[in-house]
Amino acid sequence: MAWQYLIYPFKVMGISQTYDGSYSHRKYSTGNKKDYPIDEAGADTGRDYMYAPADVVVKKIYGRGDSGKPNTIWLQTRKKVITPIGIFYVTGRVTHMSDADIANLKVGDVFRAKEKMFREGTDGGATGNHIHMTWGTGKFKGSGWSANSNGAYVLTTTGSNRKPEKLFFVDSGFTRIRDSRGLKFEKKPEPKTRYVHTPGSRLNVRKSYSVKSEVVGKLADKLKVTVYARRNGWSLIGVKKWVASRYLKKTR
Ligand SMILES: [Zn+2]
């Protein structure tokens, strides 16, 4: 099964406001419920392209042609993708691109990984060119958003809203980091072949990267596995499948 890695969708990372930003984001990230938007301004004050972070499908288009409503697109990965915290469907909503950049876009359209989608903009009254974006695990759900306890419209998915550094890897051959505003993104790894090393016993497979997480299977000594990502001493080997990295070896 060849899952795609979810990669940061700009060639220059120039975050101008994180989810903690007091300018306009705290109402999202401190409410009930929460999401974690960032503003991405790219290389400079111009209009950089946003690229597809994996193969994604357009699920909803809002605000096009209405200057009082900020243009907003909901995107969902076509398949489960590899993130730093596991393999999931991922859904996001992205805002402020111009009417012209999405004039021909339709629900159901697909962008391929790393394909140009649309540029930063100011549609809906943003003060400078940027894309506001917020992401979560799971598929598009309901109308794609709902008001939280602060009156902010947060993303709705079949999973959970997540901070962007938990979902995106930075592909260092694709993205240059100009300003991450202190957010710590992991570099996109390469899948690695490893062998279980548990002489005389079997290796627990857990649902998540914690010894408190449910055991969902056991692997025989010497079994070959593919490691897609590592996190806190744990290795991701499949959908809801993590094993302790210290029991894996490079050779059988
Ligand atoms: Zn914003």
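Heads up: the structure comes first, above all this text.
First, a word on scope: everything that follows refers to the structure included in this document. These numbers were taken from a predicted model, which means no experiment stands behind them.

1. Concerning the nonpolar core
Argument step 1. Core analysis: the biggest nonpolar cluster contains 33 residues, and Y8 and V94 have the highest contact counts within it.
Argument step 2. Listing elements by their share of this core, those giving two or more residues are β2 (12–17), β5 (56–62), β6 (72–77), β9 (90–95), β11 (116–119) and β12 (131–137).
Argument step 3. At three residues, β12 tops the list of elements feeding residues into this core.
Argument step 4. What V94 contacts, discounting residues up to four positions off in sequence, is M50, N71, T72, I73, L75, F118, I131, H132, M133 and W135.
Argument step 5. Counting residues in each nonpolar core, the second largest holds 14 residues, with W3, I7, F169 and Y228 among its members.

2. A closer look at the coordination of the zinc ion
Argument step 1. Around the zinc ion, the protein contributes the donor atoms H25 (NE2), D39 (OD) and H132 (ND1), which lie 2.1 Å from the metal centre.
Argument step 2. Binding-site remark: the zinc ion is held by donors from one chain whose sequence spacing is H-x13-D-x92-H. Taken together, the residues span a long stretch of sequence, with H25 in the loop between β2 and α1 (26–29) and D39 in strand β3 (residues 38–40) at a distance of 14 residues. Per residue, the accessibility class of H25 equals that of D39, and both read buried.

3. Observations concerning the sheet that holds strand β19 (residues 192–196)
Argument step 1. A sheet is described by the order of its strands in space; here three strands give the open sequence β22-β19-β26, paired in antiparallel fashion. Among the strands making up the open sheet, the edge pair consists of β22 (224–227) and β26 (248–249).
Argument step 2. Across four bridges, β19 lies against β22 in antiparallel orientation. The residue of β22 that forms the bridge with K192 is V227.

4. With respect to the side chain of T137
Argument step 1. Along the chain, T137 falls in strand β12.
Argument step 2. Classification of T137 by relative accessible area gives buried; the value is 7%.
Argument step 3. Here T137 is in contact with F88, Y89, V90, T157, G159, S160, R162 and L167, once residues within four sequence places are set aside.

5. Focus on unusual backbone geometry
Argument step 1. With an omega of 0°, the peptide bond running from N32 to K33 counts as cis.
Argument step 2. Following the sequence through the fold, K33 ends up in the loop between α1 and β3.
Argument step 3. Not every positive phi belongs to a glycine, and K114 is a case in point at roughly 70°.
Argument step 4. One non-glycine residue, K222, lies in the positive phi region at around 75°.
Argument step 5. Its location among the elements puts K222 in the loop between β21 (215–219) and β22.

Rules of the game
- Residues numbered from 1 in each chain as written.
- Predicted model: local features only at pLDDT ≥ 70, side-chain atom pairs only at ≥ 80, totals over all residues.
- Heavy atoms only, no water.
- Core = buried A, V, L, I, M, F, W, Y, C linked by side-chain atoms within 4.5 Å.
- Buried < 20%, exposed > 50% of the residue type's maximum accessible area, 1.4 Å probe, protein only.
- Helix = DSSP H or I, 4+ residues; strand = E, 2+ residues; numbered from the N terminus.
- Contact = heavy atoms within 4.5 Å.
- Donors = N, O, S within 2.8 Å, 3.2 Å for Na, K, Ca; no water.
- Pairing = 2+ DSSP bridges.

Purely geometric numbers; function is a separate question.
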